[in-house]
Amino acid sequence: MKAAQARPGTAPPAGFALFRQGLRPFFLLCAIWAIATVALWLVALHWGGLPEGPLPHARWHGHEMLAGFIGAALSGFLLTAIPNWTGRAAYSGAPLALLAALFVAARLVLLPGSPVPAGAAAMIALLPIPALLLAVLPALARAATPRLLGPPLLLLAFWAGDVLMLGEAAGWWDGTFQGGALLSLNVALALVGLIGGRIVPAFTRNALRMAGQEAAPRPLPGVDAAGIAALLAVILVDLAWPGGPLAGMAAAGASVLALLRLSRWHGLRTLGQPILWVLHLAYLMLPVALAVKAAHLLAGAAWAAHWLHLQGIGAIGLMILAVMPRATLGHTGHPLRASRAMVAAWLLLPLAAALRAFGPGLLPGMLPYAAAGAAWMLAFVLFLAAHGPMLLRPRADGKPG
């Protein structure tokens, strides 16, 4: 039976649709956790009195921005993309609810004040990603398309960073937390390069063609493959020789190649379409973050010492916040138009990145941390206000999913 089509001006379909497709629970959790993690961190940083849990406060904040915030976004993306790639039905119902429950349990056992011992908390917190990969493996195996294995393998590498972080906290090994955090951060950046390098030019080309303009990427043979290889080199060099000149050279090379890739995608022609220009802006933050990292590692530039936050907030955070609204609109039956709230959110996140990366050298005391945190939280509050109801309700066009 054909699904009924919603008429313009009618109320959205009633009901609860949180577990009808993968992006719904995980994009909600991503935004909620983005706000909660920073709010708790600011409380601990500015006022104290927050009890410690299995991780010290600073490590908990870093871990949860990676495994919690980024992990939720990657989970929602993969659970939504794989049905599109393989033609299988959307992940939904009880299996999806179980994956979301595992993710929530992982967050709860690591909370400040959690009484769960570090070893047990680590074992629980490490469950969500292997469970997700086991869930998607059958579809990938049936598809038998090697290129589809790239994002899941990178997600596995992202999880390996989590194993290194929580393994030190649990006492399984020593001195691996920082290396694990950098591994997860760099893998997430490589995913921005890999997936962003596909969707940014594709979405731009499609939109401009609909407007009667030709917008094929400008030819520059080999730059796409070289750009991805350079980001993978950043992962490997930072894993083996972090913080040295070789890591700085790897970052500089990857920055140049990422900028060359971006220069081919006609970004200036998207300035009238916020839902497109934000993708270009997010991708631009990738070479900017890598260039700042190179400046610190190669030239010892003090102003660039907080490059890690430019990479996490600016490149990765903004790409997540750029993709989630677009995917939400498309998969809930709404037109691909950015709301004013989302345009404001997209401007707030680069501000948060700049405040956190450069503010400590320019502003007094704790002001840059509070200001960056406020801008970050407001950006995700705006996302929840604009798109949270869409993720909870059935599709506006009456179709399944």
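One numbering rule holds for all chains: residues counted from 1, following each sequence as written. Whole-chain, interface and lining totals are the exception, using all residues; otherwise, since this is a predicted model, local features are given only for residues with pLDDT of at least 70 and side-chain atom pairs are given and counted only at 80 or more. Each side-chain value is derived from all of the structure's non-hydrogen atoms; neither hydrogens nor water enter the calculation.

### Considering the side chain of Arg 24
Thought 1: The numbering of helices and of strands both runs from the N terminus, where a helix is a DSSP run of H or I of at least 4 residues and a strand a run of E of at least 2. Structurally, Arg 24 is set in helix α1 (residues 23–46).
Thought 2: Of the side chains bearing the opposite charge, Asp 397 lies closest to the buried Arg 24, which forms no salt bridge; the N-O distance is 7.9 Å.
Thought 3: Setting aside residues no more than four positions away along its own chain, Arg 24 makes contact with Ala 17, Leu 18, His 331, Thr 332, Met 390, Leu 391, Leu 392, Arg 393, Pro 394, Arg 395 and Gly 401. Between buried and exposed lies partly exposed: a residue is buried under 20% and exposed over 50% of the maximum accessible area for its type, with that area taken using a 1.4 Å probe on protein chains only. Residues scored as charged are limited to Lys and Arg (positive) and Asp and Glu (negative), so that His and the chain ends carry no count. A carboxyl oxygen of Asp or Glu within 4 Å of a side-chain nitrogen of Lys or Arg is what we treat as a salt bridge. Pairs of residues are marked as contacts when any of their non-hydrogen atoms sit within 4.5 Å.

### Quick look at unusual backbone geometry
Thought 1: The backbone phi angle of Ala 144 is positive, close to 50°, even though this residue is not glycine.
Thought 2: With respect to the secondary-structure elements, Ala 144 resides in the loop between α5 (128–143) and α6 (150–170).
Thought 3: Residue classification places Ala 144 among the exposed positions, given a relative accessible area of 63%.
Thought 4: Within the chain, His 266 stands out as a residue other than glycine whose phi angle is a positive 60°.
Thought 5: Tracing the backbone through its elements, the reader meets His 266 in the loop between α9 (245–263) and α10 (274–299).
Thought 6: Residue His 266 is classed as buried on the basis of its relative accessible area, which comes to 10%.

### Things to note about the packing of aromatic side chains
Thought 1: Pairs were defined over the aromatic rings of Phe, Tyr and Trp, the Trp ring being its six-membered one, requiring ring centres within 6.5 Å. Orientation was assigned from the angle between planes: stacked under 30 degrees, edge-to-face over 60, tilted for the rest. One pass over the structure, following the stated rule, counts ten aromatic pairs.
Thought 2: When the centroid spacing of 5.9 Å and the interplanar angle of 75° are considered together, the rings of Trp 172 and Trp 173 count as edge-to-face.
Thought 3: Here the aromatic residues Phe 69, Trp 376 and Phe 380 are joined through ring pairs into a cluster of three or more.
Thought 4: Geometrically, a charge over a ring is one whose NZ (Lys) or CZ (Arg) sits within 6 Å of the ring centre while staying within 35 degrees of the ring normal. For Arg 326, the ring lying beneath its charged end belongs to Phe 203, and the centroid distance is 3.9 Å.

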